[in-house]
Amino acid sequence: MIYTEKQKTIGKRVHPDTVSSNWKDWKWQLKHSVKDIETFEKLLGINFGSEERMELEETLEKFPLSVPPYYISLIDENDYRNDPIYKQAFPSSGELIINEHDMSDPLAEDKDSPVPGITHRYPDRVLFTISNICSMYCRHCTRKRKVGDQDFIPNKKVIQQGIEYIKSTPQVRDVLLSGGDPLMLSDQYLDWILSEIRSIDHVEIIRIGSRMPVVLPYRITDSLIDVLKKYHPLWVNTHFNHPHEITSSSKTALRKLADAGIPLGNQSVLLAGVNDCPRIMKSLVHKLVANRVRPYYLYQCDLSEGLAHFRTPVGKGMEIIESLIGHTSGLAVPTYVIDAPGGGGKIPIMPNYIVSWSTNKVILRNYEGVITTYKEPDEYEPTFCDRNCERCDLQLKLEEGDEYKSTGIAQLLSDNDNNISLIPENNERLGRRNYENVEDEDNKQ
Ligand SMILES: *Cc1c(COP(=O)(O)O)cnc(C)c1O
């Protein structure tokens, strides 16, 4: 971890006595995180006009500002208005625009919440928000409604309730700690939460979502690593959006995590004016895999209030994915997703590779535009699945087999379920079907 000239300059502007060891101390960074516009101007050596300053103040009433000096040091002060770090960290009057389709909780995280802090959306995993503060408040945050708000800080009792919920819900095999940033908690407190969750038999994996490796890499201390590595299998997902965020300090943080045996993933958000460019995204994913981070998701910017100025058309994400698949290592290609408004979960979006299909051939196109034919087998003996795994020739015996009820499209595809359609609630046509001359049984579908 080097202490660059620029960091030295900014460090001195924070306090004339600042030395390298202060700068690399995450608690020093937090203590000196910039929370107001004047200090921001001072540290970067820039000046907003009074009119702009007033507009910016207004945005801060809706969503707080906090930027560690480290993250500020990544901004190019000579072209800060176009700078990807500046745009993610610093408010813009665009945040005050609320469009007709914007929502405060577009992902319905609060509606799918059995106890405070837990969102139980998918059958086998939960999202557990154990902190609602961050070292840097991303201007594109999807949880703007909660994050940074003192009224939402999960106290020990709330966390205990969440742990109880996981304990009493045996289908939960994957717990995702999020926030806010979970790594804002002290090592000791995290140690307690992790040990409680790890002691639950049915929890197979624990995941932590944190932006610390990006915005405050000094948080990844040896003592934090000593805590984390006790709770394997533990995965960490972080949130790099632009190649400029990959610095010698963030590389060190990633190396420490990876060396502790923690598999690393990255979740980017597609942001207008920040990374909505195939070349930038390609450079980012290459740098990630070179640092042992697997690009996991690329999110379409969602419909939270105040994000309108960050949103791109879906076609931009499609173009980026098209520019990656086949053109570079499969390992470097994230899954592009839209987190469904209303709480439907993440929906993957992919360019179309199937051109056509007959009874025995699939016509495909590759990334170069070459059209090719895959000949399907003439004889395929399908295993009819009656869900009796004991009698099945495939070698999965029942005690290993996960007992599950298929739902959704998987249910329509299954052999042993007679359901032939998924019908929206209050379907009008079916509502008309209470005709007297029709037997009830026929009335169902
Ligand atoms: C994203 C998310 C998860 C985890 O989803 P994966 O696709 O398994 O990474 C779980 N719960 C909620 C509410 C989520 O938004």
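Residues numbered from 1 in each chain as written. Predicted model: local features only at pLDDT ≥ 70, side-chain atom pairs only at ≥ 80, totals over all residues. Heavy atoms only, no water.

**Student:** Got a sec to walk through the sheet that holds strand 11 (residues 361-365)? Specific residues and values, please.
**Tutor:** Judged by pairing direction, the sheet is antiparallel, and its three strands sit side by side in the order 10-11-12 without closing on themselves. Whereas interior strands pair on both sides, the edge strands pair on one side only; in this sheet they are strand 10 (354-357) and strand 12 (371-375). Taken pair by pair, the neighbouring strands of this sheet meet at an average axis angle of 25 degrees, ignoring direction. Where strand 10 and strand 11 come together, three bridges link them in antiparallel fashion. Bridge pairing in strand 11 links Ser356 to Ile363. (Pairing = 2+ DSSP bridges. Helix = DSSP H or I, 4+ residues; strand = E, 2+ residues; numbered from the N terminus. Axes fitted to C-alpha atoms, helices over the stretch in contact; angles between N-to-C directions.)

**Student:** How would you summarise unusual backbone geometry if you had to cite specific residues and measurements?
**Tutor:** Trans is the common state for peptide bonds, and a negative phi is the common state for residues other than glycine. With an omega dihedral of 15 degrees, the bond running from Gly179 to Gly180 counts as a cis peptide bond. Inspection of the secondary structure assignment puts Gly180 in the loop between strand 3 (174-178) and helix 9 (187-198). For the peptide bond that leads from His232 to Pro233, omega is -5 degrees, which places it in the cis range. Within the fold, Pro233 resides in the loop between helix 11 (222-228) and strand 5 (234-238). Positive phi outside glycine occurs at Ala108, with the angle close to 50 degrees.

**Student:** How would you summarise a nonpolar patch on the surface if you had to cite specific residues and measurements?
**Tutor:** A contiguous nonpolar patch, built from Ile409, Leu412, Leu413 and Leu422 and spanning about 400 Å² of accessible area, is present on the exposed surface. As for its placement among the helices and strands, Ile409 is situated in helix 15 (residues 408-413). (Patch = residues over 30% accessible without salt bridge, like charges linked within 9 Å, V, L, I, M, F, W, Y side chains within 5 Å. Areas by Shrake-Rupley, 256 points an atom, 1.4 Å probe, with all protein chains shown as cover. Salt bridge = Lys/Arg side-chain N within 4 Å of Asp/Glu carboxyl O.)

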